[in-house]
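# A closer look at the structure
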Amino acid sequence: MARNKIIQGTKIPQHIAIIMDGNGRWAKKRLMPRSFGHKQGMERMIGLMEHAFDLGVKYITVYALSTENLQRPKEELEGLYNLIRNHFTSYMERVCSKGVRLKAIGDTTLLPPDVQEILRNSEKKTEGNEGKGINIALCYGARAELVRATNIAVERGEKVTEESLAGLLYTGGQPDPELIIRTGKEVRLSNFLLYQSAYSELYFSDKMFPAFTDKDLEKAIVWFSSRTRRFGKTDEQLK
Ligand code: FPP
């Protein structure tokens, strides 16, 4: 276990979600193409996942591609798909080797068929794993996720409750993200996990995603640990 001084005695969130923003700006500053930023971003994503699991985090959700991102130039999208084609399987085998279940969440039918197959194969390999998970959000939008969940309930003729609706989301059965981190200076949720984030602590970093280090993750966790989570109650009721 990579427990260290900073993290000792710190409350570790069970589920962390990350909006990995700033790959393009990070690359531009280095006079490099955006695809270089995405490649560095992918490596950072894997490093952060490994570090988070070492620290005791159980679930990690990363926003890799939003539904709106699909409007980006074809060349940039192909660059992202090529990252999946060339690196995803081996990276995921590595990160998931310690009993982690992988899920691709979002409308993945919008991806090229060969990319869908790579995702499905990686998911299948980890199907039997329980208690730890990675959700990679691709072609994801939270409003679309809610509409999808509602329609499933309607088709079943079910009236939803807060719990049953949560169960019909892509993250059904997982704890809600306790900590959501967004890199890249922007301060918004951008249609990410809108239902699941009702009580999440939100942490915004000015760093661009490829520059967000393991130590930065620890800093965010220490900050999370210092928050008083009242869930609508008073301080007195919590005592
Ligand atoms: C947003 O930053 C980031 C993305 C649209 C892609 C995120 C993808 C990765 C970190 C790695 C790839 C992972 C997979 C699974 C393909 P931006 O590029 O829009 O940054 P900018 O705001 O600086 O332009």
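Above this text sits the structure in question.
Residues numbered from 1 in each chain as written. Predicted model: local features only at pLDDT ≥ 70, side-chain atom pairs only at ≥ 80, totals over all residues. Heavy atoms only, no water.

Let us now look at the site of the ligand. If you check the shell around the ligand, you find 15 residues, and the closest are D21, R25, R34, H38 and R72. Taking N23, its main chain carries an N or O atom lying 3.2 Å from an oxygen atom of the ligand. Contacts to the ligand include G24, whose backbone N or O atom sits 3.2 Å from an oxygen atom. When the free accessible area of the ligand is taken as 630 Å², the share hidden by the protein chains comes to 93%. For the shell around the ligand, the secondary-structure elements that each account for two or more residues are α1 (23-29) and α2 (34-55). Per-element tally for the shell around the ligand: the top contributor is α2, with four residues. In terms of residue class, the shell around the ligand is made up of five nonpolar, six polar and four charged. (Near = heavy atom within 4 Å. Polar contact = N/O pair within 3.5 Å; in protein donor to acceptor, adjacent residues only side chain to side chain. Areas by Shrake-Rupley, 256 points an atom, 1.4 Å probe, with all protein chains shown as cover. Helix = DSSP H or I, 4+ residues; strand = E, 2+ residues; numbered from the N terminus. Nonpolar A, V, L, I, M, F, W, Y, C, P; charged D, E, K, R; others polar.)

Counting 47 residues, the largest nonpolar core has M45, M49, F88, M92, I134, I136 and I181 as its most contacted members. Among the elements that make up this core, the one with the highest residue count is helix α3 (residues 74-96) (ten residues). Ranked by size, the runner-up nonpolar core spans eleven residues in total, among them I19, I105, Y170 and I180. (Core = buried A, V, L, I, M, F, W, Y, C linked by side-chain atoms within 4.5 Å. Buried < 20%, exposed > 50% of the residue type's maximum accessible area, 1.4 Å probe, protein only.)

Reading across from one edge, β3-β4-β2-β1-β5-β6 is the order of the six strands in this open sheet, with parallel pairing throughout. The sheet is open, and its two borders are formed by β3 (101-105) and β6 (201-204), each paired with just one other strand. In this sheet, neighbouring strand axes are inclined to one another by 20° on average, regardless of whether the strands run parallel or antiparallel. Summarising the sheet, strand β1 (residues 15-19) and strand β2 (residues 59-66) pair through five bridges and their orientation is parallel. When the sheet's bridge partners are listed, H15 is paired in β2 with Y59. (Pairing = 2+ DSSP bridges. Axes fitted to C-alpha atoms, helices over the stretch in contact; angles between N-to-C directions.)

Our next topic: the packing of aromatic side chains. Inspection of the entire model under this criterion finds six aromatic pairs. Ring centres of Y63 and Y140 lie 5.7 Å apart, and the angle between their planes is 85°; on these two criteria the pair is classed as edge-to-face. Residue Y63 is found in strand β2, and its partner Y140 is found in strand β4 (residues 133-140); the two are separated by 77 residues along the sequence. As far as burial versus exposure is concerned, Y63 and Y140 are alike and both buried. Judged by centre distance (4.4 Å) and plane angle (10°), the ring pair of Y63 and F192 falls under stacked. Residue Y63 is located in strand β2, and its partner F192 is located in the loop between β5 (179-182) and β6; the two are separated by 129 residues in the primary sequence. Here Y63 and F192 have matching classes, each one buried. In this structure an aromatic cluster arises from ring pairing among Y63, Y140, Y170 and F192. Looking at K11, its charged tip hangs above the ring of F224, at a distance of 5.5 Å from the centre. (Phe/Tyr/Trp six-rings, centres within 6.5 Å; stacked < 30°, edge-to-face > 60°. Lys NZ or Arg CZ within 6 Å of the ring centre and 35° of its normal.)

Now for the pairing of β1. The buried count for β1 comes to five of five residues, which makes it a mostly enclosed element. Residues H15, A17 and I19 point to one face of β1 and I16 and I18 to the other, with burial holding for every one of them. Pairing of β1 with β5, which is carried by four bridges, proceeds in the parallel orientation. Bridge pairing links A17 to I180 in β5.

Remember that the coordinates give geometry; whether it matters functionally is a separate question.
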